[in-house]
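Residue-level listing of the chains:
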Amino acid sequence: MRSILTLIALLALLAGCSETASGVTVEFDENLEKAIGELARSDDSRPFKELAPGDWTSVRVLTGPASGTRIERELGRPVELDGDGTYDGDYVQDGNLLVFQRDGETVRMASLGQLAALADGEYREDVVLQARGGAITMTDPDGRPAGR
């Protein structure tokens, strides 16, 4: 009986561990960093999905440095941070961290290194990046300020 209880406790612990990890490693996206930097200098606009294609429905933009605790609070769920721009569970870069999500699950995390051109917030996949005077604003396709 004791071994069954031990096994149940171990399985519960393992299940809890798998829920806290996003399973996604932060990667420095040099091409995206370059494209956003060039856009900022262009006074043009581009759908974000063109710059960051993939199977995502929303993106959470955070500006670092940001503690793992803050990122978990922003995402509303536990996450483990590992990879480029991270140290000891925190995002330590001064630039943007992009958390791409599909149906509330993280599908990709990208670091823009030292580039902090995007405003913090959560944006839908149809968000447009509008550059003016070196700054980028996030807008809905109709031009209204984006974010939720």
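Refer to the structure printed above.
Structure report, in brief. (Residues numbered from 1 in each chain as written. Predicted model: local features only at pLDDT ≥ 70, side-chain atom pairs only at ≥ 80, totals over all residues. Heavy atoms only, no water.)

**Re the sheet that holds strand E9 (residues 128-132)**
To keep it simple, the criterion reads: By this definition, two strands are paired if DSSP reports at least two bridges between them. Only DSSP runs of H or I with at least four residues qualify as helices, and only runs of E with at least two residues qualify as strands; both kinds are numbered from the N terminus onward. Axis angles are defined between N-to-C directions and span 0 to 180 degrees, where every axis is a line fitted to C-alpha atoms and, for a helix, only to the segment in contact.
Ordered by their spatial adjacency, three strands build an open sheet running E2-E9-E10, and the pairing between neighbours is antiparallel. Among the strands making up the open sheet, the edge pair consists of strand E2 (45-47) and strand E10 (135-139). Strand-to-strand twist of the sheet, defined as the mean angle between neighbouring strand axes without regard to direction, takes the value 20°. Pairing geometry for E9 and E10, over five bridges, is antiparallel. Considered in E10, the bridge of Ala 131 is made with Ile 136.

**Details of the environment of Pro 65**
This is how it is decided: Contacts are assigned to residue pairs with any non-hydrogen atoms lying within 4.5 Å of each other.
One can find Pro 65 in the loop between strand E3 (58-63) and helix H4 (68-75). Separated by 28 residues in sequence, Pro 65 and Gln 93 have C-alpha atoms that sit 5.2 Å apart. Apart from residues no more than four positions distant in its own chain, Pro 65 is found in contact with Arg 70, Tyr 91, Val 92, Gln 93 and Asp 94.

**Examining unusual backbone geometry**
Where we set the bar: Burial classification: accessible surface area is computed with a 1.4 Å probe over protein chains only, and a residue below 20% of its type maximum counts as buried, one above 50% as exposed, and the rest as partly exposed.
For the peptide bond that leads from Gly 64 to Pro 65, omega is 0°, which places it in the cis range. The backbone phi angle of Asp 43 is positive, close to 55°, even though this residue is not glycine. For Asp 43, the position within the fold is in the loop between helix H2 (30-40) and E2. One non-glycine residue, Asp 103, lies in the positive phi region at around 50°. When you line up the elements, Asp 103 lands in the loop between strand E6 (96-102) and strand E7 (105-111). Take Asp 103: its relative accessible area is 69%, and that puts it in the exposed class.

**Notes on the environment of Lys 34**
Structurally, Lys 34 is set in helix H2. Sequence separation of Lys 34 and Leu 115 is 81 residues, and the distance between their C-alpha atoms is 9.2 Å.

**What to know about H2**
The line we're drawing: Picture the helix axis, draw a direction to every C-beta atom, and the arc is the one those directions span. Distance and chemistry together define a polar contact, namely a pair of N or O atoms within 3.5 Å, with one atom able to donate a hydrogen and the other to accept it when in protein, and with adjacent residues in sequence counting only for side-chain atoms on both sides.
Among the residues of H2, those classed as buried are Leu 32, Ile 36, Gly 37, Leu 39 and Ala 40. What you see down the axis of H2 is that its buried residues fit within an arc of 160°, all on one side. In this structure, H2 carries Glu 30, Asn 31 and Lys 34 as exposed residues pointing more than 90 degrees from its buried face. Considering only its buried residues, H2 is in contact with E2, helix H3 (48-51), E6, E9 and E10. Taking the backbone nitrogen of Asn 31 as reference, a side-chain oxygen 3.3 Å away marks Asp 29 as the first, capping residue of H2.

**Considering the packing of aromatic side chains**
In plain terms, the rule: Only centres within 6.5 Å qualify two rings of Phe, Tyr or Trp (six-membered ring in Trp) as a pair; their planes then separate them into stacked at under 30 degrees, edge-to-face at over 60, and tilted for everything else. Look at NZ for Lys and CZ for Arg. If either is within 6 Å of the ring centre and within 35 degrees of the ring normal, a charge sits over the ring.
Counted under the stated rule, the structure contains three aromatic pairs. Between Phe 48 and Trp 56, the ring centres sit 5.8 Å apart and the planes meet at 65°, which makes this aromatic pair edge-to-face. Assessed through its relative accessible area of 0%, Phe 48 is described here as buried. Here Trp 56 falls in the buried class, since its relative accessible area comes to 3%. For the pair Phe 48 and Phe 100, a centre-to-centre distance of 6.1 Å together with 25° between the ring planes defines the contact as stacked. Here Phe 48 is found in helix H3, whereas its partner Phe 100 is found in strand E6, with 52 residues between them in sequence. Assessed through its relative accessible area of 1%, Phe 100 is described here as buried. Grouped by ring-pair contacts, the aromatic residues Phe 48, Trp 56 and Phe 100 constitute a single cluster. Of note, Lys 49 hangs over the ring of Trp 56, and the distance from its end group to the ring centre comes to 4.3 Å.

All we've got here are geometric facts, nothing functional implied.
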